[in-house]
Amino acid sequence: MSSSHVERAGVLAEALPYIQKFNGKTVVIKYGGNAMVSNELRHAVISDIVLLNLVGIRVVVVHGGGPEITAMLKKIGKESRFVNGLRYTDKETMDIVQQVLCGKVNKDLVATINRMGGRAIGLCGMDGGMLKAVQLEEQYGLVGRITQVEPAPATDVLEKGYIPVISTVAQGEDAECAYNINADTAAAKLAVALGAEKLILLTDVRGLLQDPHDESTLLHVVELSQVPGLIKDGIIQGGMIPKVDCCVEAVRSGVERAHILDGRIPHSILNELLSDAGIGTMIL
């Protein structure tokens, strides 16, 4: 037997205890960034999701769509504006967000999963009142803060063996409107409501690095008690702070583990979940 065949068999054998451990458990994956834009990475992520589903892991996909929203706004001659890292969402922008996230991006993802051998159903946060929100702050426009999560629509889809693919638009509780919701936040809230075993945030960085210029300084495991010190020391900074906050909230609220993974690495999800050597940062 060739060495490549032996290596392949070893990889499968290594995955077996993890498949057994997570069989029947729920994993929430927040999907966005470069992994969503590049066709090669897109297919790698989707194949990971399909495989996890086929071996009996209940996968929920929560997606963003920032680049697609920006591109559509540009088409209609509207410039994207950001306030403290959040997209300022006026009424016209919200219409585009709803059309792009709940329409094209969501259904393209569903179709890709189905084409690759999975079975997916697209949902919007407003379906069945799954996500309800109030305005975060007036300075952000129609950006919402989640006040209530009704997991039943996603649970019903999971029970029938499908993969729920959820866009992050919420139903307004304080006004008759829809709200734009940060996808990391929505994924964390859904993970808690679904009693998920794991929350995975796919990002455009390797994970938490002690030295941001040296990927060999990756922190593989971070405990909740370490987070304040890492923020104080500047190891967790900028756009990584809200991502870590989402992970911390999820773990404090009952999710077993939260992972920050580099979506630019093909099959990063499988490497993190089904192998001994994880490739991202795990928060527990």
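The paragraphs below set out a description of the structure included in this document. Within each chain, residue numbers correspond to sequence positions counted from 1 in written order. For a predicted model such as this one, the threshold for reporting local features is a pLDDT of at least 70, and the threshold for listing and counting side-chain atom pairs is 80 or more; totals across whole chains, interfaces and linings nevertheless cover every residue. With hydrogens and water excluded, all non-hydrogen atoms of the structure serve as input to the side-chain values.

### Things to note about the overall build of the protein
- Secondary structure summary: the protein contains ten helices and 14 strands in total.
- Relative to its length of 284 residues, the protein is compact, with a C-alpha radius of gyration of 19 Å against a globular reference of 19 Å.
- C-alpha extents for the protein along the principal axes are approximately 65 × 45 × 35 Å.
- Exposure classes here rest on a 1.4 Å probe applied to the protein chains alone. A residue is buried below 20% of its type maximum, exposed above 50%, and partly exposed in between. Burial statistics for the protein: of 284 residues in total, 49% are counted as buried.
- Any two residues having at least one pair of non-hydrogen atoms within 4.5 Å are treated as being in contact. Put simply, 72% of the contacts in the protein that link residues at least 6 apart link residues at least 24 apart.
- Across the protein, the 27 positively charged side chains and the 33 negatively charged ones have centroids separated by 4 Å. For the purposes of this entry, the term helix denotes a DSSP run of H or I that reaches at least four residues, the term strand denotes a run of E that reaches at least two, and both are numbered from the N terminus. Just to be clear, the radius of gyration here is over C-alpha atoms, and the globule rule we use is 2.2 Å times residues to the power 0.38. Asp and Glu count as negative and Lys and Arg as positive, but His and the ends of the chain are not part of the count. Just so you know, the charge point we use is NZ for Lys, CZ for Arg, CG for Asp and CD for Glu.

### Side note on the state of the cysteines
- What counts as a disulfide here is a pair of cysteine sulfur atoms lying within 2.5 Å. Applying the stated rule across the entire model yields zero disulfides.
- Cys 102 takes part in no disulfide bond, and the closest cysteine sulfur, belonging to Cys 124, lies 3.4 Å away.
- The class for Cys 102 is buried, based on a relative accessible area of 19%.
- We note that Cys 246 lacks a disulfide partner, and the nearest cysteine sulfur, in Cys 247, lies 6.9 Å from it.

### Quick look at the environment of Lys 30
- Looking at the secondary structure, you find Lys 30 in strand 1 (residues 26-31).
- Put simply, Lys 30 and His 63 are 33 residues apart on the chain and 5.6 Å apart in space, counted from C-alpha to C-alpha.
- The residues touching Lys 30, leaving out its near neighbours within four places in the chain, are Val 62, Ala 183, Asp 184, Ala 187, Ile 200, Leu 201, Leu 202 and Lys 243.
- Within 3.5 Å is the distance limit for a polar contact, defined as a pair of N or O atoms, with the added protein rule that one can donate a hydrogen and the other accept it, and that residues adjacent in sequence qualify only through two side-chain atoms. At 3.4 Å, the side chain of Lys 30 and the side chain of Asp 184 are in polar contact.

### Considerations on the nonpolar core
- The biggest cluster of nonpolar side chains holds 83 residues, and the ones touching the most others in it are Val 28, Ile 29, Leu 52, Leu 199, Val 244 and Ile 269.
- Those residues in contact with Ile 269, other than ones at most four positions away along the chain, are Ile 29, Val 45, Asp 48, Leu 52, Ile 200, Leu 202 and Leu 261. In these notes, a set of buried Ala, Val, Leu, Ile, Met, Phe, Trp, Tyr and Cys residues joined through side-chain atoms within 4.5 Å is what counts as a nonpolar core.

### Observations regarding the pairing of strand 8 (residues 163-167)
- For strand 8, the tally of buried residues reaches five of five residues, placing the bulk of the element in the interior.
- Burial along strand 8 is two-sided: Ile 163, Val 165 and Ser 167 and Pro 164 and Ile 166, pointing in opposite directions, are all buried.
- Strand pairing is assigned whenever DSSP detects at least two bridges linking the two strands. Relative to strand 8, strand 2 (residues 58-63) runs parallel, the two sharing three bridges. Residue pairing for strand 8: Val 61 is matched across the bridge by Val 165.
- Two strands pair when backbone bridges link them, and strand 5 (residues 120-124) and strand 8 are joined in this way by five bridges, in the parallel orientation. Within the sheet, the bridge partner assigned to Gly 122 lies in strand 8 and is Val 165.

### Comments concerning helix 9 (residues 240-252)
- For helix 9, spanning 13 residues, the distance from its first C-alpha to its last is 18 Å, which sits close to the expected 18 Å at 1.5 Å a residue.
- Residues of helix 9 that are buried include every one of Met 240, Lys 243, Val 244, Cys 246, Cys 247, Val 248, Ala 250 and Val 251, and no others.
- One or two positions beyond helix 9, positive phi appears at Gly 254, with a value near 120 degrees. Helix span, expected: 1.5 Å multiplied by one less than the number of residues in the helix.

### Structural notes on the sheet that holds strand 2
- The mixed open sheet is built from eight strands, whose spatial order is 5-8-2-1-11-13-14-12. Bordering the open sheet on either side are strand 5 and strand 12 (221-222), each of which pairs with just one other strand.

By themselves, these observations are geometric and do not establish any function.
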